[in-house]
Amino acid sequence: MNLVQVDSARLLAIVTDMLAEQGIVSRAEIAERMEITDRASPELGARMVAKAWREPEFRALMVADGSAAAESVGIRMRGLPPLGVLENRPGHHHVVVCTLCSCYPRAVLGYPPFWFKSTAYRARTVRDPRGVLAEWGTALPADTKVTVVDSTADYRWMVLPTRPEGTQDWSEEDLAALVREGDMIGVTVPRGPAISC
Amino acid sequence: MSLPPGTPVRVKDDWPEARGPVHIRTPHYVRGRRGEVVRHLGDFPNPEDLAFARPAPERALYHVAFRPTDLFPDATGDDLVIEIFEHWLEVGA
Amino acid sequence: MDAETSDDEHRAHHDMGGVSRYQCLPVDPEPHGLTEFDREVDALRQMLSAKGLMSVDELRRGIEAIPAGDYDRLGYYERWIRSIAATLVRKGVIEQRELKDRLAER
């Protein structure tokens, strides 16, 4: 049966109907699942990053066992792929890609963004990470080591970015507000406060 | 027993997708290439079996590092790390 | 062997890391929020997985079976719903005949 040419919305509606009629998956279950999935967002990962910036013990836990660190701040990880955390340091940067599909640390960042799933990002990042980062205006010093992580199997990877200068006394909330989705995949780096002259 | 960090490995130069329907998690660009074990990530059911709803024995999964210029002459990164299952790795080589 | 020769010999279409002909494609960094359709397909897949009817690896296998031209033309979740439908038919969860008839209705 050739399913390639059919209308996608129609196919979804028919499959959903058939599953509901047979009592396999109800519409209510799907609606509930959508609501649960919508709740995960980059704010969760940003909170972990901010906490790691302020608390060395949490940072150590996060780097050693991302799933345990996520659980410890109330993010449900049971039954999900293990979370691996790639620790950026001054002079060492990480960027995550999934060349085969779009493996993404959804529990802590939510749905993968459009660009992460795109052919251009998947094809180019393993070969030309600096060129890809430049699409976001991210320019790393030439002597910074760039490690690309191709997420090919059972782990899901997030980047723990370096803490921006000038944020020494900041609260966890204020720090978390600095951290964007792209910072935790490694296409961008968190921007510190604007320097007033 | 799992391979310790630093073990030199070579990814098998095997192309099962040319022989029939398969699902594999070893990207084409590392096949036949040399790298080094970063660490053992754990043991996971083999996705090559899971994709076909077959019983899936657990296999050791490793983070393996490659030199990007060994894979792409024009690479702009300094290090490339990939999850690879044990049955795709040849030790030493 | 250089990267050019290893590129396209036996490579499957979805296995696109480093492939030369995509190296000049710009990345579109805009977020492009999900549609209702996208979110519904995503949730459906999760429910099927939770009920043990279909694994994420089966989803991927079904996506990888989509011919290259269609893979590129279809949106991300459009590929998913095709893989889901094909997998459910193959495993006998939904009947092929019934699906075909409903798709043919106008």
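Residues numbered from 1 in each chain as written. Chains lettered and ligands numbered in written order. Predicted model: local features only at pLDDT ≥ 70, side-chain atom pairs only at ≥ 80, totals over all residues. Heavy atoms only, no water.

1. Section: the interface of chain B and chain A
Then comes step 1: The interface of chain B with chain A comprises 22 residues on the first partner and 25 residues on the second.
Then comes step 2: Both faces considered, chain B and chain A share a buried interface measuring about 2000 Å² in area, 52% of it formed by carbon and sulfur atoms.
Then comes step 3: Of all residues in chain B, B:Arg25, B:Thr76 and B:Glu83 give up the largest surface area on contact with chain A, accounting jointly for 30% of the area buried on that side.
Then comes step 4: The tally of links between chain B and chain A comes to two salt bridges.
Then comes step 5: Two residues, B:Asp79 and A:Lys145, come together in a salt bridge whose shortest N-O distance is 3.8 Å.
Then comes step 6: There are 18 residue pairs in polar contact (both at pLDDT 80 or more) connecting chain B and chain A.
Then comes step 7: Of all elements in the fold, only strand E2 (34-45), strand E3 (58-66) and strand E4 (79-85) of chain B reach the threshold of two or more residues within the side of chain B that touches chain A. (Contact = heavy atoms within 4.5 Å. Buried area = accessible area lost by both parts, 1.4 Å probe. Salt bridge = Lys/Arg side-chain N within 4 Å of Asp/Glu carboxyl O. Polar contact = N/O pair within 3.5 Å; in protein donor to acceptor, adjacent residues only side chain to side chain. Helix = DSSP H or I, 4+ residues; strand = E, 2+ residues; numbered from the N terminus.)

2. Overview of the packing of helix H1 (residues 8-21) of chain A against helix H6 (residues 96-104) of chain C
Then comes step 1: Put simply, H1(A) and H6(C) touch, their axes get as near as 10 Å, and they point 135° apart. The angle between H1(A) and H6(C) falls in the class oblique. The way H1(A) lies across H6(C) gives a crossing that is right-handed. On H6(C), the residues that touch A:Arg10, A:Leu11, A:Ile14, A:Val15, A:Asp17, A:Met18 and A:Glu21 of H1(A) are C:Glu98, C:Leu99, C:Arg102, C:Leu103 and C:Ala104.
Then comes step 2: Here the contact of H1(A) with H6(C) is built from residues that sort into seven nonpolar, no polar and five charged. (Axes fitted to C-alpha atoms, helices over the stretch in contact; angles between N-to-C directions. Parallel < 35°, antiparallel > 145°, perpendicular 65-115°, else oblique. Left-handed = near helix turned anticlockwise from the far one by under 90°. Nonpolar A, V, L, I, M, F, W, Y, C, P; charged D, E, K, R; others polar.)

3. Looking at helix H3 (residues 42-54) of chain A
Residue and element names in this part refer to chain A.
Then comes step 1: Look at H3: 19 Å from first C-alpha to last across 13 residues, which is about the 18 Å you get at 1.5 Å a residue.
Then comes step 2: By the burial criterion, the buried members of H3 are Leu-44, Gly-45, Ala-46, Met-48, Val-49, Ala-50, Lys-51, Ala-52 and Trp-53.
Then comes step 3: Where H3 is buried, its residues contact helix H4 (56-64), helix H5 (66-72), strand E1 (83-87), helix H6 (106-109), strand E4 (156-160) and helix H9 (172-178). (Expected span 1.5 Å × (residues − 1). Buried < 20%, exposed > 50% of the residue type's maximum accessible area, 1.4 Å probe, protein only.)

4. Section: the pattern of salt bridges
Then comes step 1: As enumerated under the stated definition, the model contains 25 salt bridges over all chains in all.
Then comes step 2: The shortest N-O distance in the salt bridge between C:Arg39 and A:Asp38 comes to 2.4 Å. Within this pair, whereas C:Arg39 is found in helix H2 (residues 36-50), its partner A:Asp38 is found in helix H2 (residues 27-39), the two belonging to separate chains.
Then comes step 3: Looking at C:Arg39, the relative accessible area reads 18%, which means it is buried.
Then comes step 4: Between C:Asp57 and C:Arg60 there is a salt bridge, with its nearest N and O atoms 3.8 Å apart. You can see C:Asp57 and its partner C:Arg60 sitting in helix H3 (residues 56-64), three residues apart, about one turn around the helix.

5. Some details on the pairing of strand E1 (residues 8-11) of chain B
Two faces belong to every sheet, and in a regular strand the side chains alternate between them.
All names here are of chain B.
Then comes step 1: A one-sided burial pattern is seen for E1, the buried positions being Val-9 and Val-11 and the unburied ones Pro-8 and Arg-10.
Then comes step 2: Pairing of E1 with E2, which is carried by three bridges, proceeds in the antiparallel orientation. By the bridge assignment for E2, Arg-10 is matched with Arg-34. (Pairing = 2+ DSSP bridges.)

6. Some words on the pairing of strand E2 (residues 92-97) of chain A
Residues and elements named next belong to chain A.
Then comes step 1: Within E2, five of the six residues are buried, which leaves it mostly tucked inside the rest of the structure.
Then comes step 2: Inspection of the sheet shows E2 paired to strand E3 (residues 145-150) by six bridges, in the parallel sense. Considered in E3, the bridge of His-92 is made with Lys-145.

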